[in-house]
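# Structural overview for review
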Amino acid sequence: MSSQEVLSSATKLASYNVLLQVMFRGLTFVLNAFTLRFVSKEIIGVVNVRLTLLYSTVVFLAREAFRRACLSGSTEQNWTQVINLLWLTVPVGALWSVLLGWVWLCLLEVPDPAGTPHYEVGVLLFGLSAVVELLAEPLWVLAQAHMFVRLKVIAESLSIIVKCLLTVLLVLLVPHWGLYIFSLAQLAYTSFLVLCYVLYFVKFLGSQEAEKSSFPLSRVRDLLPKCTRDKPVVNWRLAKLTWSFFKQSFLKQILTEGERYVMTFLNVLNFGDQGVYDIVNNLGSLVARFIFQPIEESFYIFFAKVLERGKQAKQQNTDDVTMAAAVLECLLKLVLLIGLTITVFGYAYSHLALDIYGGSLLSSGSGPSLLRYYSLYVLLLAVNGVTECFTFAAMSKEQVDRYNFVMLALSASFLSLSYFLTQWQGSVGFILANCLNMTLRIAHSVRYIQGYFSHSSSRPLAGLLPSPALLLVFLGSAGLTALSEVLLCCDSGWISRLVHIAVGAVCLLAVLITAFFTETKLVHFIRTQYLSRYTKKGM
């Protein structure tokens, strides 16, 4: 597969992933608004913070390192060895599930059974759902490596729908079940997800489509672990790379879910406050998750396939390096502009958004301040996602190992900052700590990228510099919308609110028009890699 074909596939994958994340976050958004009216905020806090943290920790620690290692390089590799390695995610996940389940039950504060019943069953089922999901890991990596872009979208979309429908049904019929409702819905989600992948590959393997695409496997039994002739059971190079990524993923998980760990282990907020923080956090991260995360995942695959890991730009194919630099520059500009838009407009519209979504429960107290600070955090999150995406795809094993020590220092500083800033600023302290740590991570990645392209004519970090005209429009929009909020929002009735929204719409239109005429390279990238595909489909 040529570099241009890989870029086209990665862009297509990012498009489908964005669509998936929009649907997933949209359904979650509606589901949270619905459940707020039927269950207590304490139950939401236990489910969305305590139990979801258990599930995400088990899944992340069990599979993230295997994914990154097995997706590094081309599809031309011994897939029997790769599949053997990937099946290790199941026993690793089971081990983490048992260990962490014991911690969640025996070492952490147990919620009041009167207000939050069936906590023990919730821990058991969330841990089990993590192990069930890992059964599909070999199939997921195969699909990603061979760019089966529709499979992930369809499988996860159907699974999300099943989870949401079951949650709504149980909340309406048996709201007194408490944690049973969300635990059963989570188990249904992972079970249906695995079923979708299994059914797809059972139908695909041995078909004419598989033969036409020269798919490396031909039978369903090839998906199971087995011995190989004259070769080790696993590829030891990948196994060592997996271990390097595992040490890194452990630290990355602490940074990613750091505030939840602090809430869970240090009890700085009660379960009700945790519930409110998590709702605001999810609302603030909607765009970050359904746009930035799919871009990072998809273009990590692009960079990993186009560039040779561990080699400087001058040691690689010039055309590939030029293309990678151009794509990196456009991605940086794209996420920077999206992040700036969220930061500018998020400040003036946080209070209104929370009031519409959750009423006074969310718009009173610290809710609006949380969302305003989170708008700034989204900007940093956007830039860090793309810079680390490139850095992790280009680093050698030795560089990954060295970066683990950087992550260790960042993890320690983040946990300390979270604790002390929370004591000082309450739940806002979590976001401030995240901002500081994200800034340090961006600085490290920028330094690596500068060194990587130091002997090349390409300067992809120019993507972090928007045009002066666009910056002026952003500043003007920030001032106008902030003034509009003071004068019109949010206690003067719906007419004033609508006028406030109209002011924001006009400012946003000015930003888009200015970007269209000043950021021509980015506009060309979007036209050629995204819009052209849909134009061709419509012809």
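Residues numbered from 1 in each chain as written. Predicted model: local features only at pLDDT ≥ 70, side-chain atom pairs only at ≥ 80, totals over all residues. Heavy atoms only, no water.

Per an unreviewed UniProt entry, the protein chain is named Protein RFT1 homolog, and its organism is Huso huso. Reading the Sequence similarities (unreviewed entry) entry of the UniProt record for the protein chain gives the comment "Belongs to the RFT1 family." (UniProt positions renumbered as here; feature names shortened; annotations may be inferred.)

Right, let's get into the overall build of the protein chain. In terms of regular secondary structure, the protein chain is built from 21 helices and zero strands. For 539 residues, the compact-globule formula gives about 24 Å, and the C-alpha radius of gyration of the protein chain, at 24 Å, lands near that figure. Projected onto its principal axes, the C-alpha positions of the protein chain cover 75 × 60 × 50 Å. Burial status across the protein chain gives 57% buried among its 539 residues. Long-range pairs, those at least 24 residues apart, make up 83% of the contacts in the protein chain with a sequence separation of at least 6. (Helix = DSSP H or I, 4+ residues; strand = E, 2+ residues; numbered from the N terminus. Rg over C-alpha atoms; globule rule 2.2 N^0.38 Å. Buried < 20%, exposed > 50% of the residue type's maximum accessible area, 1.4 Å probe, protein only. Contact = heavy atoms within 4.5 Å.)

Before going further, it helps to examine helix α19 (residues 468–488). With 21 residues, α19 should reach 30 Å at 1.5 Å per residue; the first-to-last C-alpha distance of 30 Å fits that figure. Those residues of α19 not exposed but buried are L470, F474, S477, T481, S484 and E485. In an axial view of α19, the angular spread of the buried residues amounts to 100°, which keeps them on one side of the axis. Residues of α19 that are exposed and angled more than 90 degrees away from the buried face: P468, L472, L475, V486 and L487. In this fold, the buried residues of α19 make contact with α14 (318–358), α16 (367–394) and α20 (494–518). (Expected span 1.5 Å × (residues − 1). Arc of directions from axis to C-beta.)

Quick look at the packing of helix α7 (residues 149–173) against helix α8 (residues 179–204) now. Put simply, α7 and α8 touch, their axes get as near as 8 Å, and they point 155° apart. One way to sum up the angle between α7 and α8 is to call them roughly antiparallel. The two elements α7 and α8 cross, and the hand of that crossing is right-handed. Looking at side-chain class alone, the contact of α7 with α8 contains 20 nonpolar, three polar and three charged residues. (Axes fitted to C-alpha atoms, helices over the stretch in contact; angles between N-to-C directions. Parallel < 35°, antiparallel > 145°, perpendicular 65-115°, else oblique. Left-handed = near helix turned anticlockwise from the far one by under 90°. Nonpolar A, V, L, I, M, F, W, Y, C, P; charged D, E, K, R; others polar.)

For any pair of aromatic rings, the description rests on two quantities: the centre-to-centre distance and the angle between the ring planes. Applying the stated criterion to the full structure yields 21 aromatic pairs. Note on Y277 and F430: the rings are 5.5 Å apart at their centroids and 55° apart in plane angle, and the pair reads as tilted. Of this pair, Y277 sits in helix α12 (residues 271–284) while F430 sits in helix α18 (residues 428–452), and the two are 153 residues apart along the sequence. Grouping residues by exposure puts Y277 and F430 together as buried. Taken together, F299, F302, F303, F390, Y448, Y452 and F453 form an aromatic cluster joined through their ring pairs. Positioned above the aromatic ring of Y347 is the side chain of R372, whose terminal nitrogen or guanidinium carbon lies 5.3 Å from the ring centre. (Phe/Tyr/Trp six-rings, centres within 6.5 Å; stacked < 30°, edge-to-face > 60°. Lys NZ or Arg CZ within 6 Å of the ring centre and 35° of its normal.)

Below, the discussion takes up the pattern of salt bridges. Tallied over the entire structure, the rule returns twelve salt bridges. Residue D222 is joined to K226 by a salt bridge in which the shortest nitrogen-to-oxygen separation is 2.9 Å. Overall, D222 belongs to the buried group, its relative accessible area being 9%. You can call K226 partly exposed: its relative accessible area is 31%. (Salt bridge = Lys/Arg side-chain N within 4 Å of Asp/Glu carboxyl O.)

All right, on to the environment of N235 then. With respect to the helices and strands, the residue N235 is situated in the loop between α9 (208–212) and α10 (236–256). In the structure, N235 is positioned 152 residues away from I83 in sequence and 9.9 Å away in space, judged by C-alpha atoms. There is a polar contact of 2.9 Å between the side chain of N235 and the backbone nitrogen of R237. (Polar contact = N/O pair within 3.5 Å; in protein donor to acceptor, adjacent residues only side chain to side chain.)

A few words on the side chain of T116. The residue T116 is located in the loop between α4 (89–107) and α5 (119–134) in this model. Of the residues examined, T116 reaches a relative accessible area of 5% and is grouped as buried. Residues in contact with T116, not counting those within four places in the same chain, are E42, I43, V46, P111 and L179.

Here we come to the confidence of the model for the protein chain. Of all residues in the protein chain, 92% attain a pLDDT of 70 or more, and the chain-wide mean is 83. This model gives residues 531–539 a pLDDT under 50, and the stretch forms nine contacts once residues within four places in sequence are excluded. (pLDDT = per-residue confidence, 0-100.)

Here the focus is the side chain of N434. By secondary structure assignment, the location of N434 is in helix α18. Of the residues examined, N434 reaches a relative accessible area of 5% and is grouped as buried.

In a regular helix each residue adds 1.5 Å, so 21 residues correspond to 30 Å; α10 covers 29 Å between its end C-alpha atoms and thus fits that length. The opening residue of α10, the one whose side-chain oxygen lies 2.9 Å from the backbone nitrogen of R237, is N235.

Counted under the stated rule, the structure contains zero disulfides. Summary of cysteine pairing: C330 is not part of a disulfide, and the nearest cysteine sulfur, belonging to C389, is at 14 Å. You can call C330 buried: its relative accessible area is 5%. (Disulfide = S-S within 2.5 Å.)

All right, on to unusual backbone geometry then. Even without being a glycine, H118 presents a positive backbone phi close to 65°. Residue placement: H118 occurs in the loop between α4 and α5. With relative accessibility at 30%, the residue H118 sits in the partly exposed group.

In this section: a nonpolar patch on the surface. On the surface, a nonpolar cluster with roughly 610 Å² of combined accessible area is contributed by I356, W494, I495, L498, V499 and I501. At five residues, the largest contribution of residues to the nonpolar patch is made by α20. By secondary structure assignment, the location of V499 is in helix α20. (Patch = residues over 30% accessible without salt bridge, like charges linked within 9 Å, V, L, I, M, F, W, Y side chains within 5 Å. Areas by Shrake-Rupley, 256 points an atom, 1.4 Å probe, with all protein chains shown as cover.)

Where helix α2 (residues 41–70) contacts α10, the axes come no closer than 7 Å and their chain directions differ by 140°. One finds that α2 runs oblique with respect to α10. For the element pair α2 and α10, the recorded crossing hand is right-handed. Counting all contacts with α2, which are made through S56, T57, F60, L61, E64, A65, F66, R68 and A69, the residues of α10 involved are L238, L241, T242, F245, F246, S249, F250, K252 and Q253. Here the residues of the contact of α2 with α10 are counted per class, giving ten nonpolar, five polar and three charged.

What follows deals with the nonpolar core. Among soluble globular proteins, nonpolar side chains are generally buried collectively. In terms of nonpolar packing, the biggest core is built from 172 residues, with Y197, F201, F303 and F390 touching the most fellow members. Sorting elements by how many residues they give to this core places α14 first, with 22 residues. Aside from chain neighbours lying at most four places away, what touches Y197 is A136, L139, W140, A143, L151, K152 and A155. (Core = buried A, V, L, I, M, F, W, Y, C linked by side-chain atoms within 4.5 Å.)

Take the environment of Q399 next. Summarising the element assignment, Q399 is placed in helix α17 (residues 397–425). For the pair formed by Q399 and E42, sequence separation is 357 residues and the distance between their alpha carbons is 44 Å. In this structure Q399 touches A394 and Y448, once residues within four positions along its chain are discounted.

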